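Structural overview
What follows is the residue order along each chain.
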Amino acid sequence: MQGKIALEEHFAIPDTLLDSKGFLADETWPELEARLIDIHGRRIEEMDRHGIETMILSLNAPAVQAIHDVARANEIARRANDFLAGEVAKNPRRFQAFAALPLQDPDLASRELERCVKDFGFRGALVNGFSQAGSPDNCLYYDMPQYWPFWEVVQKLDVPFYLHPRNPVDAWAQIYKGHGWLMGPTWAFGQETAVHALRLMGSGLFDAYPRLKIVMGHMGEGLPFSMWRVDNRNAWTKAKPNYKATRPIAEYFHQNFWLTTSGNFRTQTLIDAMLEVSADRILFSADWPFENVDHAANWFDNCSISEADRIKIGRTNSMRLFKLGNE
Ligand code: MN
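These notes cover the structure that comes with them. (Residues numbered from 1 in each chain as written. Predicted model: local features only at pLDDT ≥ 70, side-chain atom pairs only at ≥ 80, totals over all residues. Heavy atoms only, no water.)

**Thoughts on the layout of surface pockets**
- Of the voids in this model, the largest pocket is the one considered here, and its volume is about 900 Å³.
- Pro185, Phe189, Gly190, His218 and Glu221 are, among the 36 residues lining the largest pocket, the residues nearest its centre.
- For the lining of the largest pocket, the elements supplying multiple residues, two or more each, are β1 (4-11), α6 (188-202), α8 (223-232) and α10 (267-277).
- Counting residues per element, the lining of the largest pocket draws most heavily on α6, at 6 residues.
- Looking at the second largest pocket, its volume works out to about 320 Å³.
- Every residue lining the second largest pocket is counted, 19 residues in all, and those nearest its centre are Val230, Asp231, Arg233, Pro241 and Tyr243.
- Taken together, the residues that form the lining of the second largest pocket break down as 9 nonpolar, 6 polar and 4 charged. (1 Å grid on protein atoms, 1.4 Å probe; cavity = no way out; pocket = protein on both sides within 12 Å on 5 of 7 lines; lining within 4 Å. Points joined across faces, edges and corners; volume = space filled by probe spheres on them. Helix = DSSP H or I, 4+ residues; strand = E, 2+ residues; numbered from the N terminus. Nonpolar A, V, L, I, M, F, W, Y, C, P; charged D, E, K, R; others polar.)

As structure tokens, this is what we get:
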């Protein structure tokens, strides 16, 4: 399929580059490093070869979220966003941008998002899970009350917020001790991010700000598969849900969330997601440079879904959600 839009596609600046080292075997680092720092060379070739018209770019992970010195987090976010704005301006048809945000401080994050959207025309934000603020073990999740003024700004700006994975900090990851292979995309990323999303849904955030738009990668980090059970466990007891939100969790998932195909190139999984949230809420993505564009595109272009759904997922859903081509 030609004209695809992909939106979980990363780059690095020198300050954040080494955050991506260690996820993969050392012998692949030279290749991954080259992929991360490239914007206009190999990346465009990959896009041309595999029918991707536009990538919405975002900083690598965990980057800003792991910088517990708040002033430094703000400085790196601004540096990355300034750099990205400059790169996108060189070729705006092929590249658009998501802001990195210093969510260690909700007020700083609100101001940086406003700056990126109003001054640079960024399409939203991509944030790498919880933020460490003040000390490495102070992990802040965005359902917490201090974040609600930030969410008010996000809703007012009317831009999507991509909740991207990161690993849990060591102190909170005892279940993985001795089983390091489960960290990262194998399992820990999805578990960490799915719980964060459920916290947002259960907190009542979407009752207060019903027009928030949250994007999740990797076909929803396992949530489509599990959503019915979240709301229907022990249904015979007729017990009221013990959370602050007013509605079943699935209703928020269906109304406030969009899912991308990043790093999860499996037709059975896509069809499960389509059956849970509909083809209108799924967006093609690769997760370059951690996954291959050819793996994403060759699978997506040929998977057994209707051509109407392929066009929605590959292009038109993203055009609408990110207001691309409306200027
Ligand atoms: Mn990613």
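There is more to say, and it comes next.
**Things to note about the coordination of the manganese ion**
- Those donors, Glu8 (OE), His10 (NE2), His164 (NE2) and Asp287 (OD), are the protein atoms that reach the manganese ion, and they lie 1.9 to 2.3 Å from it.
- Donor residues for the manganese ion, ordered by position in the chain, follow E-x1-H-x153-H-x122-D.
- Using a relative accessible area of 0% as the deciding quantity, one classes glutamate 8 as buried. (Donors = N, O, S within 2.8 Å, 3.2 Å for Na, K, Ca; no water. Buried < 20%, exposed > 50% of the residue type's maximum accessible area, 1.4 Å probe, protein only.)

**Overview of the pattern of salt bridges**
- Per the counting criterion, the structure on display carries 24 salt bridges.
- Among the salt bridges present, the one from arginine 35 reaches glutamate 31, with a minimum N-O distance of 2.7 Å. One end of the pair, arginine 35, and the other, glutamate 31, are both in helix α1 (residues 29-37), 4 residues apart, so they sit about a helical turn from each other.
- Residues aspartate 280 and lysine 312 are paired through a salt bridge, measuring 2.7 Å at the closest nitrogen-oxygen approach. With a gap of 32 residues between them, aspartate 280 in the loop between α10 and β10 (282-283) and lysine 312 in helix α12 (residues 307-321) connect regions that are remote in the sequence. (Salt bridge = Lys/Arg side-chain N within 4 Å of Asp/Glu carboxyl O.)

**Observations concerning the pairing of strand β9 (residues 257-260)**
- Here β9 shows two buried faces, one formed by Phe257 and Leu259 and the other by Trp258 and Thr260.
- Sheet topology note: the strand β8 (residues 214-216)/β9 ladder contains 3 bridges and is parallel. The residue of β9 that forms the bridge with isoleucine 214 is phenylalanine 257.
- Strand direction decides the pairing type here: β9 and β10, joined by 2 bridges, are parallel. By the bridge assignment for β10, threonine 260 is matched with leucine 283.
- Assessed by its sense of winding, the connection that carries the chain from β9 through α10 to β10 is right-handed. (Pairing = 2+ DSSP bridges. Right-handed = clockwise from strand over helix to strand, strands pointing away.)

**Re the sheet that holds β9**
- Strands sit in the order β4-β7-β8-β9-β10 across an open sheet of 5 strands; the sheet is parallel. If you trace the sheet from one side to the other, it starts and ends with β4 (125-127) and β10, each paired once.
- Here 3 bridges tie β4 to strand β7 (residues 161-163), and the two strands are oriented parallel to one another. Bridge pairing links valine 127 to leucine 163 in β7.

**A closer look at the environment of aspartate 309**
- Turning to its location among the elements, aspartate 309 is positioned in helix α12.
- Sequence spacing of aspartate 309 and phenylalanine 206 is 103 residues, and the spatial spacing of their C-alpha atoms is 27 Å.
- Beyond its immediate chain neighbours, meaning those up to four positions away, aspartate 309 contacts Met274 and Ala279. (Contact = heavy atoms within 4.5 Å.)

**Considerations on the side chain of histidine 164**
- Within the element layout of this structure, histidine 164 appears in the loop between β7 and α6.
- Side-chain polar atoms of histidine 164 contact the side chain of glutamate 8, separated by 3.0 Å.
- For histidine 164, the contacting residues outside a window of four places in its chain are Glu8, His10, Ala61, Leu126, Val127, Asn128, Gly129 and Thr193. (Polar contact = N/O pair within 3.5 Å; in protein donor to acceptor, adjacent residues only side chain to side chain.)

**Overview of the nonpolar core**
- Residues Leu113, Trp151, Phe161 and Met201 are the most contacted members of the largest nonpolar core, which totals 81 residues.
- Residue contributions to this core peak at 7 residues, all from helix α3 (residues 70-90).
- Here leucine 113 is in contact with Ala99, Leu101, Gly124, Ala125, Phe150, Val154, Leu157 and Val159, once residues within four sequence places are set aside. (Core = buried A, V, L, I, M, F, W, Y, C linked by side-chain atoms within 4.5 Å.)

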